[in-house]
Amino acid sequence: MVAKSRDSNSRLGDNAAPISYKIKFVTDFETFKFLGDEEIQISIKKGTKSIKLNSNNLKLLGATVTSKGKSQECKITYDEKGKAVSLAVKTPVSGACALSIKFSGINNDDMYGFYRSEYKGKDGKTKYLLTTQFEPADARAAFPCFDEPAFKAKFDITLVVPKEMQAISNMPIKSVKAMGRNKEVEFYTTPKMSSYLLYLGVGQFDKVSSASGRLKFNVYATPGKAPLCRMALSYAKKFVAFYEKYFGINYPLPKVDLIAIPDFAAGAMENWGAITFREVAILGSEKGSAISAKQQIAITIAHELAHQWFGDLVTMEWWNDLWLNESFATFMSYRSVNAVFPKWKMDKQYFDEVIATAFSADALKTTHPISVDVHTPEEINEIFDEISYEKGGTVLHMLEDYSTPKVFREGLHNYLRQHSYSNATKYDLWGAIRDAAKKSSPQRASQIKAFADKWLDYTGYPIVISQRIGSTLKLRQVRFVVSNISGSNPSKPWPIMLKYTEGGSDPEAVFMDKSEMDLKLRTSGMVKLNYGQDYLYRVKYDSDTLQGIGSAIKAGKINGVDAWGVEDDLFTLARGGAIKANEYMKFIGDYCMDADYPANIGINWHLFWLESKLYDTDMLGGIKQLELEFGRRTIERLGWAKRANEENTDTMLRGLAIEALGRLGDGKAISFAKEKMEQRISGNEIDPNIRSAVYYTYAWNGGSAEFRALSGLYLKESNPEEKRRLLQAFGSFTSESVIKEALAFSMSKGVRLQDSFVIPTVLSSNPKALEYIPAWTYSQWKTLMERYDIGTHMLQRFVDNFSSCYKISDYNKLKAFFSKKQNLRGDVKKSLAQALEKIETNIKFRKANSLDA
Ligand code: BES
Ligand code: ZN
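Residues numbered from 1 in each chain as written. Chains lettered and ligands numbered in written order. Predicted model: local features only at pLDDT ≥ 70, side-chain atom pairs only at ≥ 80, totals over all residues. Heavy atoms only, no water.

J.: Give me the lowdown on the site of ligand 1, citing residues and values where you can.
T.: Near ligand 1 lie 15 residues; those nearest to it are Glu135, Gly267, Glu270, Glu304 and Tyr389. A distance of 3.0 Å is found between an oxygen atom of ligand 1 and a side-chain nitrogen or oxygen belonging to His307. Contact with the protein chains covers 82% of the free accessible surface of ligand 1, which is 510 Å². Among the elements of the structure, strand S17 (268-269) and helix H2 (291-309) are those that each provide at least two residues to the shell around ligand 1. Looking at the shell around ligand 1, the element that brings in the most residues is H2, giving four residues. Residues belonging to the shell around ligand 1 are distributed by class as follows: five nonpolar, six polar and four charged. (Near = heavy atom within 4 Å. Polar contact = N/O pair within 3.5 Å; in protein donor to acceptor, adjacent residues only side chain to side chain. Areas by Shrake-Rupley, 256 points an atom, 1.4 Å probe, with all protein chains shown as cover. Helix = DSSP H or I, 4+ residues; strand = E, 2+ residues; numbered from the N terminus. Nonpolar A, V, L, I, M, F, W, Y, C, P; charged D, E, K, R; others polar.)

Here you go:
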């Protein structure tokens, strides 16, 4: 991927650099046209007659540059494609200069730049708020600027807003002056920071606040939602305290604002001191929210708070190190939530949520190394993906283990100290970890860079093929590509810390950095490799060893995480066609029916995957039987209702089991769901942890009457979490006519643009609905392009939906449809390539099981 055409014109160069910005924005809620007045202090190295800045969709009303007491009017030349503007003067300028620019722009409704978001007020009327989304390259859509992360500068922001509204920015308010119907709100100067982290917010918010030592915490939401803000407030305080201690560095600003925005393209954004969220990612309550929703909220808040240090205080030099930001926040969010809420067992969820995602995304031929060159905003946008987030997070997990947690933490502390208010590259991080390691282990210290670089530069990850011969394990590593498992030898083997136990004894570790290795065993006991599943490799065992491992899982001698690894590897081998689906099912049936978390969650999803890929075959009966048995045993063990003090992983598993049973036609589950749904419709509370399962079962077994009931509930619901659950339920209808109604509903006014991908996405994993998705997507493509082909990543999701298809005709049509399309965004093209590869793998899977000729 990326960087076919190195477009050096898309960069600003390093001759001019900003030192500080003083910007006043005058907002207007009638016209949504804003006026800006900015003064940028810049420093110019070499005398020049032209200064280039980034600017997009802005009108420059005038610009002057002042140098050594002399002002010159600038000639303004727009470079629309390059999203830049050049300011030219007659006499060259150099050294310290001041740039004054007056400009205007529009508060669009496209969820990027300085945009507007809409909601219904308490009086039922439509209201607006203004907010910003600048990452990666849209600060330039709000003000002319040096919009690259290394151009750190101080910002003095003033917002002129209607007097009944609040204004929010990165720093606290310094002064407020009345100005007729408006007021002028001035903020304190920010520390040196990157433009993509600047924030502007204007609206009539409800807020809850609390002080904690020197810090002030505020959570903002649209009116009426204050009760749903308190949980986030208490979480945020706890995570900031955790990070201050873990990093050994105080939160750098005077306040932490968390702002819930009704229209939001991503999940959340780490603007320094003024973090924005999609409502569903922050609003909830201790009593009213499902445990899974609370965890998602906690993880999102913890992720964005981690960025306040890692990303905001210390920023990547350039976007090729984006992974440093995102993988670190991903990794750290699980760490901090696990430390603050140990009962949630996020350390275990890390496996099925982060490592599993890395495993599957990086098993494609179309994957890419973590380190990639990017130049244009389009290329930068492409790398906000599972490789930067989840694979990067897994690499940090390995690096922590490899360098030891103590050294890793000390290295982070030093890295953050050395580069505060400045920028850094991955090499700075390796250096800091190496230096921290020197004291305790000079030998390991010298290997850290090589270890990390290989994981960042190599494409994919390995599978270790293990063959036991007497007391020797013959090990061989090759790159793991799901569609081509017999695969090739890697030209360069990955560095793996091979941890294993012999017959349940204490784990041992050997370093494998060669393609082949013999491992001498001490005993004849069972050997499970990748002990603790801390490293990113799969294992294929000889069949005797595998049976031994199975027996140990069944006897409870292998924990949930290691069982998860064995199961995930085996399933993926089946998925790629290297073993028969029946072999996988037999292993599950023989050994794993009572496996612990997270293995049980993996099994649940994988059996459903088999069900949906084999829906029209005579293997379906056997799969359903296994799923039914798995679900029934789960419910037998856990009961239908939540028990006091049960493990939260069991609470979540119960919901999934009821959902599976309801789909498979289990009478008890269906009547349970029906009864609960009647309670819900008549206005009684039901346990939030089973609501998704109840709505799912209701829709799966329902028709157009149920569709009407659900849409009635959806349209009048105001709680974002409940609204999301109801919306997902529309993806579970089974008759053609209702499926089509649900698809139409997804594009209707009642569903916000930010949520319109939900129904089609759920339908694409619904085996009874999948066949309608391709034709619907083609028929809507023009509209979808118009609605989404803006600054966001949403269009991608409609292409991802094709990944579930398994017919050659679908593959051919998809390829043909897009081959005629010009001007696809890079991230959409990438999703297309991945969807095609996944369909190809699905076709191969069915062939391997002799289902299609
Ligand atoms: N920096 C991102 C937000 C972002 C994403 C900006 C894509 C521009 C393009 C933020 O820190 C983030 O990663 N948000 C996640 C949520 C998180 C809990 C994984 C998101 O939006 O999905
Ligand atoms: Zn992030």
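J.: An account of the environment of Ser704 is needed here, citing residue identities and associated values.
T.: The topology assignment puts Ser704 in helix H19 (residues 704-716). Measuring from C-alpha to C-alpha, the distance between Ser704 and Glu270 comes to 42 Å, with 434 residues separating the pair along the chain. For Ser704, the contacting residues outside a window of four places in its chain are Val738 and Glu741. (Contact = heavy atoms within 4.5 Å.)

J.: Please give an account of the coordination of the zinc ion (ligand 2) that cites residues and values.
T.: Distances from the zinc ion (ligand 2) to its protein donors, namely His303 (NE2), His307 (NE2) and Glu326 (OE), fall within the range 1.9 to 2.1 Å. In the primary sequence, the donor residues of the zinc ion (ligand 2) line up as H-x3-H-x18-E. Here His307, found in helix H2, pairs with Glu326, found in helix H3 (residues 322-340); they are 19 residues apart in sequence, far enough to count as distant. Glu326 matches His307 in its accessibility class, with the two residues each being buried. (Donors = N, O, S within 2.8 Å, 3.2 Å for Na, K, Ca; no water. Buried < 20%, exposed > 50% of the residue type's maximum accessible area, 1.4 Å probe, protein only.)

J.: Before we move on, can you summarise the sheet that holds strand S22 (residues 472-479) with the specific residues and values?
T.: Here four strands make up an open sheet; going across it, the order is S25-S22-S21-S27 and the pairing mixed. On the outer flanks of this sheet lie strand S25 (516-520) and strand S27 (538-540), each paired with one strand and no other. For this sheet, the mean angle separating the axes of adjacent strands, direction not counted, is 25 degrees. By the bridge criterion, three bridges tie strand S21 (residues 462-469) to S27 in an arrangement that is parallel. From the neighbouring strand, Val464 faces S27, where its bridge partner is Val539. (Pairing = 2+ DSSP bridges. Axes fitted to C-alpha atoms, helices over the stretch in contact; angles between N-to-C directions.)

J.: Help me get a handle on the layout of surface pockets, residues and values and all.
T.: There is about 1200 Å³ of room inside the largest pocket. Surrounding the largest pocket, 37 residues form its lining, Glu118, Tyr119, Asp263, Lys749 and Arg752 being those nearest its centre. Residue assignment for the lining of the largest pocket shows that the elements contributing at least two residues are strand S7 (113-120), strand S8 (126-133), H19 and helix H20 (720-729). Counting residues per element, the lining of the largest pocket draws most heavily on S7, at five residues. The class makeup of the residues in the lining of the largest pocket is twelve nonpolar, eight polar and 17 charged. (1 Å grid on protein atoms, 1.4 Å probe; cavity = no way out; pocket = protein on both sides within 12 Å on 5 of 7 lines; lining within 4 Å. Points joined across faces, edges and corners; volume = space filled by probe spheres on them.)

J.: So what's going on with the packing of helix H16 (residues 648-664) against helix H18 (residues 688-700)? Which residues, and what values?
T.: Packing of H16 against H18 brings their axes to within 8 Å, and their N-to-C directions diverge by 10 degrees. As far as their axial angle goes, H18 and H16 are roughly parallel. Taking contact as the criterion, the partners of Thr651, Arg654, Gly655, Ile658, Glu659, Gly662 and Arg663 in H16 are, on H18, Asn689, Ile690, Ser692, Ala693, Tyr696, Thr697 and Trp700. (Parallel < 35°, antiparallel > 145°, perpendicular 65-115°, else oblique.)

J.: For the pattern of salt bridges, give the residues involved together with the corresponding values.
T.: Oppositely charged side chains can form a pair if their charged atoms are brought close together. Considering all chains together, one arrives at 51 salt bridges under this definition. Asp568 is the salt-bridge partner of Arg538, the closest N and O atoms lying 3.1 Å from each other. Taken together, the residues Arg538 in strand S27 and Asp568 in helix H12 (residues 560-575) connect sequence positions 30 residues apart. Taken as a pair, Arg538 and Asp568 share a single burial class, namely buried. Across the pair Asp666 and Arg632 runs a salt bridge whose closest N-O atoms are separated by 2.9 Å. (Salt bridge = Lys/Arg side-chain N within 4 Å of Asp/Glu carboxyl O.)

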